[in-house]
Amino acid sequence: MLNDSYSKILSQNLRAIRRDKGLTTTELATILGVSQAKVSYIEHCKGVLSARDIAVLSRKLDVPVTEFFRGLDKAEEDSGRKGLAGQLAHYGAVLLAKPSGIT
C-alpha cells in the first residue's frame with residue numbers, strides 16, 4: 001500500500017514500542033480491538049495506524065504520542081521534501097482515504 005519513508009518509520013516505531021512493552025502482536029491487537037493480522041499488516045508497512053489507534057495505544061501503553069512519529073524529521077531530510085507539517089498532513093490524508101472496510 002504505502003512504501004514511502006514516512007510509512008516505514010511509523011511501522012518501525014510501532015514495532016519498537018510493542019517490543020519495548022514486551023507485547024506480542026496478538027496482545028497489541030487485543031488492546032486495539034483489531035485482528036492480529038491487522039497489526040502485522042501495519043508493522044510490515046502495508047497499512048497505517050489510524051489517529052484513533054495512536055491515541056488508544058498512547059494512553060493504554062503510557063507512551064507519548066510523539067513516540068509514534070519519532071524520526072519523521074530524519075525522513076524529511078532524506079526525502080528532500082520540505083515541511084514536517086506538510087508530511088503529517090499527507091499522512092492524515094492517507095488515513096482519511098483508507099478504505100472503510102479495513103478495521
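My aim in this report is to walk through the structure given alongside it, one point at a time. (Residues numbered from 1 in each chain as written. Predicted model: local features only at pLDDT ≥ 70, side-chain atom pairs only at ≥ 80, totals over all residues. Heavy atoms only, no water.)

### Here's the deal with the side chain of Thr-25
Note the cut-off: A run of H or I in DSSP becomes a helix once it reaches four residues, and a run of E becomes a strand once it reaches two; helices and strands are each numbered from the N terminus. Between buried and exposed lies partly exposed: a residue is buried under 20% and exposed over 50% of the maximum accessible area for its type, with that area taken using a 1.4 Å probe on protein chains only. Only heavy atoms enter the contact rule, under which two residues are in contact if any of them lie within 4.5 Å.
Relative to the assigned elements, Thr-25 resides in helix α2 (residues 25-32). Exposure remark for Thr-25: the relative accessible area of 16% places this residue in the buried category. Residues contacting Thr-25, with those up to four places away along its chain left out, are Arg-18, Gln-36, Val-39 and Glu-43.

### Overview of the pattern of salt bridges
To keep it simple, the criterion reads: A side-chain nitrogen of Lys or Arg and a carboxyl oxygen of Asp or Glu constitute a salt bridge if their distance falls within 4 Å.
Throughout the structure, instances matching the rule amount to five salt bridges. A salt bridge links Arg-18 to Glu-43; its shortest N-O distance comes to 2.6 Å. On the criterion of sequence distance, the pair formed by Arg-18 in helix α1 (residues 5-20) and Glu-43 in helix α3 (residues 36-43) is long-range, its members being 25 residues apart. Each of the two residues, Arg-18 as well as Glu-43, counts as buried. Between Asp-53 and Lys-38 there is a salt bridge, and its shortest N-O distance comes to 3.5 Å. Here Asp-53, found in helix α4 (residues 51-61), pairs with Lys-38, found in helix α3; they are 15 residues apart in sequence, far enough to count as distant.

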